[in-house]
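# Overview (structure and organization)
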Amino acid sequence: TGLVDHGKEKLVTVDGKEIRAKVVIITTGAEPSKLGVPGEIEFTGRGVSYCATCDGAFFREVPVAIIGGGDTAAEEALFLSRFASKVYMVHRRDELRATKVLQDRIFANEKIEMVWNSVVEAAVGDNTGLTSLTLKNRKDDSQQALEVVGMFVAVGVTPKAHFLADILDLDPEGYILADSDCHTSMPGVFAAGDVRKKILKQIATAVGDGAIAAIVAEKYLDDLEHSV
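Read on for a plain summary of the structure. (Residues numbered from 1 in each chain as written. Predicted model: local features only at pLDDT ≥ 70, side-chain atom pairs only at ≥ 80, totals over all residues. Heavy atoms only, no water.)

## Notes on the packing of helix 2 (residues 71-80) against helix 3 (residues 100-108)
Geometrically, a packed helix pair is captured by the angle between its two axes and the distance between the axes. As a packed pair, helix 2 and helix 3 sit with axes 10 Å apart at the nearest point and diverge in direction by 35°. Crossing hand, helix 2 versus helix 3: left-handed. In this structure, helix 2 uses D71, A74, E75, A77 and L78 to contact helix 3, whose residues at the interface are L102, R105 and I106. Looking at the contact of helix 2 with helix 3 residue by residue, the class counts come to five nonpolar, no polar and three charged. (Axes fitted to C-alpha atoms, helices over the stretch in contact; angles between N-to-C directions. Helix = DSSP H or I, 4+ residues; strand = E, 2+ residues; numbered from the N terminus. Left-handed = near helix turned anticlockwise from the far one by under 90°. Contact = heavy atoms within 4.5 Å. Nonpolar A, V, L, I, M, F, W, Y, C, P; charged D, E, K, R; others polar.)

Okay, here's the thing in structure tokens:
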């Protein structure tokens, strides 16, 4: 995939096919960051998930683990505690990065148990799905098996804008920099949804971006026609 600016016309390459357009709206989105450990892909959908609000209700009265230590991980741990019999919060450090109000709620919840200074080495299971996690303690390199049937990964999100790194202005995390009207650094190119830098990433904001980008793109085309 590529994008070339030819002034009033853009050349977009998608899967080897070239498309010429006067306006481009980029909506490639973002995807949850993965741990990259053995068993993670194999058990995705069979115990491994990246969305507690999507899948949490399938794990009633069983032990699960949430991986991460930020606001998202804390919020998802609290959500999972409504369903699971036990929620292990596995974090690579000895303190959470989540806001204090979320930390207070985590530590006050009897269903949530912290597993500090630990990282997942492997997801283990059988034909029934995930059965345990192999954890490694970062301080003494010891390992333990944590028996859970669900692992929810909340270690960040990766925007799908890497192919534009040399074309558009991106922030250090790889999100497209765009203003409130979805304008990017290239005239005639707009970005909408989770691929662009913004404070809140939800379906509602993505839909709003799409509506704004469409209207602004239409105005750009109209101005382009009248400038000829």
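## Here we look at the environment of Q144
Considering the arrangement of structural elements, one finds Q144 in strand 12 (residues 143-146). Of the residues examined, Q144 reaches a relative accessible area of 39% and is grouped as partly exposed. Expressed as a C-alpha distance, the spacing of Q144 and D179, which sit 35 residues apart in the sequence, is 48 Å. When sequence neighbours within four positions are dropped, the list of residues in contact with Q144 reads V115, L133, T134 and L135. (Buried < 20%, exposed > 50% of the residue type's maximum accessible area, 1.4 Å probe, protein only.)

## Points about the state of the cysteines
Considering all chains together, one arrives at one disulfide under this definition. C51 shares a disulfide with C54; S-S distance 2.2 Å. Its S-S torsion of about 70° marks the bond between C51 and C54 as right-handed, since a negative value means left-handed. (Disulfide = S-S within 2.5 Å.)

## Comments concerning the pattern of salt bridges
Throughout the structure, instances matching the rule amount to 10 salt bridges. Ionic pairing is found between D5 and K10, a salt bridge with its closest N-O pair at 2.8 Å. By relative accessible area, which is 1% here, K10 ends up buried. A salt bridge links D141 to K136, with the nearest nitrogen and oxygen atoms 3.7 Å apart. Beyond isolated ion pairs, a larger network of salt bridges with shared partners links R196, K198 and D209. (Salt bridge = Lys/Arg side-chain N within 4 Å of Asp/Glu carboxyl O.)

## Structural notes on the sheet that holds strand 9 (residues 112-115)
A sheet is described by the order of its strands in space; here five strands give the open sequence 6-13-7-8-9, paired in parallel fashion. The two strands at the open ends of the sheet, each matched to only one other strand, are strand 6 (48-49) and strand 9. As judged from the four bridges shared by strand 7 (residues 63-67) and strand 13 (residues 150-153), these two strands associate in the parallel manner. The residue of strand 13 that forms the bridge with V64 is G150. Each of strand 7, strand 8 (86-90), strand 9 and strand 13 touches helix 2; the most contacted strand, strand 7, lies at about 170° to it. (Pairing = 2+ DSSP bridges.)

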